[in-house]
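Reading the structure
Listed below are the residues making up each chain.
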Amino acid sequence: MPSNIQDSNLLRDYQELQLRVMRSSHIEQQLRIVQDRLDHELILYKRLSAYSSKAVNTSSVDELLRLSVEAMVDVLEIESSAILICRENKEPIFHHEGLPLSRVSEEDFCADFRQISQVVPRSKAVILPSRKLQLMTVLQAYTDCLFYATVDQKLGIGIYVVGLISAEKSAFYEKLGEKHETIFNLFTQQLRSILTSRYQEEQIRQQLVRIERSEQELQKLSMIARKTKNAVLVIGSDHRIEWVNDSFSRTTGYVFEDVVGGRLREVMKKHEVDVEGRQQILEAVRQQQSCEVYATSRSINGEELCWNIEIIPVVNDAGKHLSNILMLNDVTAEVRFKEDLLTINYKYQLISQEAKVGIWEYSIADNYSQWNEVLIDMFGAHQKDGATGYYEFWESRIHPDDREYVINERRKVLNNEVKSVRKNYRIYNSDGEIRHLQSHTIGQYDEEGRLIGLMGSSIDVTELMQVDERVQSLKQFYENIVNHLPSNVMVFNGQHELVYANESMLHAHPFLQQELSKNIDSIIGINNATHAFLKRLRLHLSKAFVTQKVVSFNEVFILNHHQRNMIGTALPVGIGDSELLTIVSFTDVTELNRFQKELVRKNTELQKVNAELDNFVYRVSHDLRSPLLSIEGILGLMEDDDLDPEVREYHKLIRTSVGRMDSSIKDILEYSRNSRVELKIERFNIKKMVEAIFADHKFYGGNPMELQFTPECDSYLESDKTRINTLFRNLIGNAVKYRRNVPDSFVRFGMSTHKKQVVITLTDNGKGIEKMKIKKVFDMFYRGSSDSVGSGLGLYICKEIITKLQGKISLTSEVGQGTMVTITLPLKPKLK
Amino acid sequence: MNYLLIDDDPIINLVHRKTILKFDEGAEVKEFLSPRTALDEILQNPKDVNGHVIFLDINMPDLNGF
């Protein structure tokens with residue numbers, strides 16, 4: 001079959017053609033696919049290009065990253081994207097698109113990113129297969145992953161870029177391949193370069209700001225250095241002074257030119273910086289150390305300056321030492337003030353120590369007290385008492401009766417009720433003695449007036465108190481006395497106010513009770529009499545007050561309707577320096593006056609009687625003597641030679657009797673004369689007197705007698721001549737009368753003058769007197785023996801005369817041996 | 001020689017007269033017991049008493065010798 005063959009050929013051709021057509025259409029299809037793919041890729045590249053142009057124009061890193069994550073999803077046609085930027089010392093920046101952050105935390109993603117970066121090459125875009133993702137914590141949910149990680153050392157940042165897609169979730173899942181890798185690579189390159197440039201820009205900007213800022217800083221610093229009160233020195237690395245500020249010149253007096261360029265060592269020497277300070281500064285500069293030094297120097301005028309010096313080494317960024325800055329803080333005033341304060345404090349301590357003032361201070365903030373030594377001694381406190389701040393110890397030592405009061409007073413200050421309190425209280429010291437303290441508590445306040453503590457002082461006033469008590473009791477005592485004095489006493493003070501009137505006074509003038517403490521000028525009497533009394537009293541008071549002398553005056557009080565005469569005295573008395581009192585006292589002299597008058601009257605009477613008596617005695621004696629003399633005269637007429645011997649014998653007897661009577665009368669006369677006549681003192685020669693008296697007695701009859709004087713006998717005596725004459729007339733008379741009948745009878749007179757008295761002795765070798773009688777010889781009318789011829793008045797008169805002459809007479813005698821009379825007289829008797 | 005004896009005690013005057021006459025026999029002796037009488041007499045003839053010796057007691061009643 002040709003046809004068949006033909007047909008068969010044809011069919012074969014047809015089939016071949018058909019195959020060709022099929023093949024060509026397949027190719028066409030293939031081409032179309034490629035075309036599509038290329039078109040698609042072109043779109044992706046266009047998107048990438050669009051991203052690039054947008055990204056360059058972003059204004060901030062944040063904006064760039066936001067754009068980047070969005071663009072990544074678009075460009076790569078993936079499900080999610082994320083960018084993590086880690087910076088040194090800063091929070092990481094994380095941006096994402098499409099991550100399920102509501103379910104998985106940002107940190108978990110970041111942790112996975114970091115983990116992946118450990119195993120993939122740096123700075124290369126890679127596609128991670130799903131089997132690798134299976135190993136990750138959160139990323140296992142995705143099928144494919146695009147990953148890029150890089151580190152920029154210069155900028156100090158790490159960049160992680162991640163794209164994610166999962167087969168299940170994406171509708172148009174396409175396994176990531178070469179195409180994606182290429183685009184991702186391009187994308188990351190662009191991102192990186194933009195990011196880097198952004199960060200570089202930022203860094204530059206920051207550096208610019210920093211430079212600007214440090215310039216300002218520098219300006220400020222130099223301004224401060226120039227304007228500061230502190231003196232500032234800049235020392236170069238060659239230890240020469242590079243710069244000083246105005247304050248340095250102002251304080252030291254050395255100007256910029258004096259100092260700059262000089263070596264630090266020499267400059268310090270010139271400024272007389274103290275040796276220790278100099279060494280410390282040089283050492284610090286050499287060692288390039290920052291430190292503080294205290295030093296003193298002298299200004300150009302020689303004044304001492306005190307400095308706190310801060311040495312600051314200046315080092316550049318490279319660590320090279322450039323210079324040292326010396327900041328000199330002038331603390332001269334502070335140092336002086338501190339010294340003054342110390343001196344004041346020392347003085348204050350010394351004063352409190354010397355004055356025995358206990359001082360304490362209590363701080364509320366510390367709840368602690370400090371005591372000075374005086375107070376510690378006062379209380380007898382120990383170290384352990386101080387450890388707890390003394391308060392409990394102090395409280396325990398207060399006298400129980402005073403405790404509540406004292407603590408309350410202290411609390412008043414603590415509660416801000418008062419600023420200070422003064423209190424006296426008792427304590428027990430370490431010996432258990434009660435001591436009285438006078439104490440003062442003062443609140444301490446800060447600047448805002450808040451109470452911050454207490455301080456106070458205590459003085460031991462025990463002795464003072466005791467003295468005070470004594471004074472009080474004495475005062476009581478005297479007040480009692482004055483109160484019960486019979487005299488009326490009033491006391492006025494310097495203002496003429498009646499401050500006191502005793503009971504007698506108030507009894508005499510009861511109205512004064514209401515007038516106490518009133519001025520005398522404002523006291524009004526109750527009647528005319530008291531009115532006048534007060535008026536007179538005012539005059540006396542002011543007189544006493546002005547003259548400051550006692551004023552005496554008479555006053556009449558009416559007491560119980562009787563007139564009483566009073567003697568008033570106003571006595572000004574100063575008490576201390578200031579107080580001036582006038583004590584007015586009245587003494588009732590009514591009785592006294594009466595007695596005095598009586599006495600004067602009686603005395604006059606007595607004197608009269610006495611005179612009369614004397615006169616009487618004299619008259620009697622005299623009148624008795626004249627008839628005796630008459631008898632003697634007649635007897636003389638009758639004496640004739642032719643008288644009968646018997647009559648002659650009678651005559652003689654009569655004569656003897658008349659003589660004895662006459663001598664008795666003379667004795668009485670002498671006695672009366674001694675008592676009547678006043679002393680009359682004169683100087684006279686007693687030896688001559690004694691000789692004359694002895695001569696009168698020589699012819700008394702009997703055996704001869706001799707008058708002797710002791711060898712050292714004085715001649716002159718100052719006394720009453722007449723009385724001394726009577727005295728020796730009697731004594732010598734006795735010696736002559738009672739002489740013994742021996743050949744060498746004598747009477748010896750002696751007188752010696754001593755400091756204040758004259759001693760006269762009269763010794764004889766006569767009959768002597770019996771011991772029993774010696775005592776009585778000076779008695780009136782005593783006669784020793786029957787053969788004595790006197791009146792018994794002789795020695796009595798002698799004794800009376802010696803008494804009148806203010807002397808003494810005594811007598812020693814031995815029977816048959818003799819008698820010695822000793823008389824002592826004052827050198828100069830007083831005239832009464 | 002003329003003598004005036006003035007004493008209130010006549011015995012004394014008598015003793016004096018006797019004693020005077022014993023030593024001066026031609027003596028003219030006048031006696032007075034009262035000093036006033038004596039004074040009156042002397043005052044009446046003051047010239048008469050010239051050269052007279054007078055014994056005068058000084059302690060007498062009425063008027064004494066001084």
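Located above this text is the structure these notes cover.
Residues numbered from 1 in each chain as written. Chains lettered and ligands numbered in written order. Predicted model: local features only at pLDDT ≥ 70, side-chain atom pairs only at ≥ 80, totals over all residues. Heavy atoms only, no water.

**Section: the overall build of chain A**
How we decide: In this text, helices come from DSSP runs of H or I with a minimum length of four residues, and strands from runs of E with a minimum of two, each type numbered from the N-terminal end. A contact between two residues is defined here by any heavy atoms of the two lying within 4.5 Å. To be clear on the numbers: accessible area is Shrake-Rupley with a 1.4 Å probe, and residue cover counts the displayed protein chains and nothing else.
Looking only at helices and strands, chain A features 23 helices and 27 strands. Sequence separation of at least 24 residues holds for 52% of the intrachain contacts in chain A that already meet a minimum separation of 6. Accessible surface, chain A as shown: approximately 51,100 Å² in total, 53% of it carbon and sulfur.

**Section: the overall build of chain B**
Basically, it comes down to this: Only protein chains enter the accessibility calculation, which uses a 1.4 Å probe; a residue is then buried when its area is under 20% of its type maximum, exposed when over 50%, and partly exposed in between.
Looking only at helices and strands, one finds two helices and three strands in chain B. Taken across its 66 residues, chain B has 27% of its residues classed as buried. Intrachain contacts of chain B at a sequence separation of at least 6 include 66% that bridge at least 24 residues. Counting only carbon and sulfur atoms, one obtains 55% of the accessible surface of chain B, whose full area is about 4,500 Å².

**Some details on the pattern of salt bridges**
Residue and element names in this part refer to chain A. Put simply, the rule reads: Salt bridges are counted wherever a side-chain nitrogen of Lys or Arg sits within 4 Å of a carboxyl oxygen of Asp or Glu.
The full count for this structure, using the stated rule, is 27 salt bridges over all chains. Salt-bridge contacts for R538 lead to D521; the nearest nitrogen and oxygen are separated by 3.8 Å. Separated by 17 residues along the polypeptide, R538 in helix α17 (residues 528–547) and D521 in the loop between α16 (503–508) and α17 bring together distant segments of the chain. Overall, R538 belongs to the partly exposed group, its relative accessible area being 25%.

**Concerning the pairing of strand β14 (residues 434–445) of chain A**
All names here are of chain A. Rules: One requirement defines pairing of two strands: DSSP has to find at least two bridges between them.
In the sheet, strand β13 (residues 420–428) pairs with β14 via nine bridges, with the strands oriented antiparallel. Of the residues in β14, the one forming a bridge with R426 is H436. Here β13 folds back onto β14, and the loop between the two strands holds five residues, one of which, G432, carries a positive phi near 80°. Direction of pairing for β14 relative to strand β15 (residues 451–460): antiparallel, over a ladder of nine bridges. By the bridge assignment, H440 is partnered in β15 with S457. The antiparallel hairpin formed by β14 and β15 contains five residues in its connecting segment, where G449 sits at a positive phi of about 85°.

**Here we look at the nonpolar core**
Residue and element names in this part refer to chain A. Note the cut-off: To define a nonpolar core, start from buried Ala, Val, Leu, Ile, Met, Phe, Trp, Tyr and Cys residues and group those joined through side-chain atoms within 4.5 Å.
Counting 41 residues, the largest nonpolar core has I686, I724, F728, I760 and I823 as the members making the most contacts within it. Elements that contribute at least two residues to this core include exactly α20 (686–697), α21 (721–737), β24 (746–753), β25 (757–764), α23 (794–804), β26 (808–814) and β27 (818–826). With seven residues, the single largest contributor to this core is α21. Filtering out sequence-adjacent residues up to four positions away, I686 remains in contact with D714, S715, L717, I724, F728, F749, M751 and I760. Formed by 33 residues, the second largest nonpolar core is a distinct cluster that contains L64, L76, I93 and Y199.

**Section: the packing of helix α18 (residues 590–638) of chain A against helix α19 (residues 645–676) of chain A**
All names here are of chain A. Inclusion rule: Axes here mean lines fitted to C-alpha atoms, for a helix over just the part in contact, with angles spanning 0 to 180 degrees between N-to-C directions. Roughly parallel means an angle under 35 degrees; roughly antiparallel means over 145; roughly perpendicular covers 65 to 115; every other angle is labelled oblique. The hand of a helix crossing depends on one turn: near helix anticlockwise from the far one by less than a right angle means left-handed, and clockwise means right-handed. Asp, Glu, Lys and Arg are counted as charged, while Ala, Val, Leu, Ile, Met, Phe, Trp, Tyr, Cys and Pro are counted as nonpolar; the rest, among them Gly, fall into the polar class.
The N-to-C vectors of α18 and α19 enclose an angle of 155°; their axes lie 9 Å apart at closest approach. Taken as axis vectors, α18 and α19 run roughly antiparallel relative to one another. Helix-helix and strand crossings are classified by hand; for α18 and α19 the assignment is left-handed. Residue classes in the contact of α18 with α19 are distributed as 13 nonpolar, five polar and seven charged.

**Thoughts on a nonpolar patch on the surface**
Which entries qualify depends on this criterion: Note on patches: the residues involved have over 30% relative accessible area and no salt bridge, like charges join within 9 Å, and the nonpolar side chains Val, Leu, Ile, Met, Phe, Trp and Tyr join within 5 Å.
Taken together, the side chains of L474, F477, Y478, I481 and L485 of chain A present a nonpolar region at the surface, about 450 Å² in accessible area. Within the secondary structure layout, I481 of chain A lies in helix α15 (residues 462–483).

**Topic: the interface of chain A and chain B**
We apply this condition: Throughout, buried area stands for the accessible area (probe radius 1.4 Å) lost by two parts on being put together, summed over both. Between N or O atoms, a polar contact is any pair within 3.5 Å; within protein, one atom must be a potential hydrogen donor and the other a potential acceptor, and residues adjacent in sequence are included only when both atoms are from side chains.
At the junction of the two partners, chain A supplies nine residues and chain B supplies eight residues. For the chain A and chain B pair, buried surface summed over both sides reaches about 650 Å², with 65% attributable to carbon and sulfur atoms. At the surface where chain A touches chain B, the tally comes to one residue pair in polar contact (both at pLDDT 80 or more). Residues belonging to the side of chain A that touches chain B are distributed by class as follows: four nonpolar, four polar and one charged.

**Observations regarding a positive patch on the surface**
Stated formally: Asp and Glu count as negative and Lys and Arg as positive, but His and the ends of the chain are not part of the count. Note that the charge is assigned to NZ on lysines, CZ on arginines, CG on aspartates and CD on glutamates.
Taken together, the side chains of R240, R263, R265 and K269 of chain A define a basic patch exposed on the protein surface. On the basis of relative accessible area, K269 of chain A is assigned to the exposed category, the value being 56%.

**Some remarks on the environment of F393 of chain A**
All names here are of chain A. By the secondary structure assignment, F393 is in helix α13 (residues 391–397). Given a relative accessible area of 9%, F393 falls into the buried group. As for F393 and H382, which are separated by eleven residues in sequence, their C-alpha atoms are 9.6 Å apart. Setting aside residues no more than four positions away along its own chain, F393 makes contact with W371, F379, G380, A381 and D385.

**Examining the packing of aromatic side chains**
All names here are of chain A. Filter applied, for reference: The rule is short: rings of Phe, Tyr and Trp, with Trp giving its six-membered ring, pair when the centres are within 6.5 Å, and they are stacked under 30 degrees, edge-to-face over 60, tilted in between.
Counted by the stated rule, this structure contains 17 aromatic pairs over all chains. Between the aromatic rings of W371 and F379, the centroid separation amounts to 5.0 Å while the plane-to-plane angle is 55°, which identifies the pairing as tilted. The pair formed by W371 and F379 is uniform in burial state, with each residue classed as buried. A connected cluster of aromatic rings, assembled from ring pairs, spans W371, F379, Y390 and F393.

Spatial relationships are all this shows, so hold off on functional conclusions.
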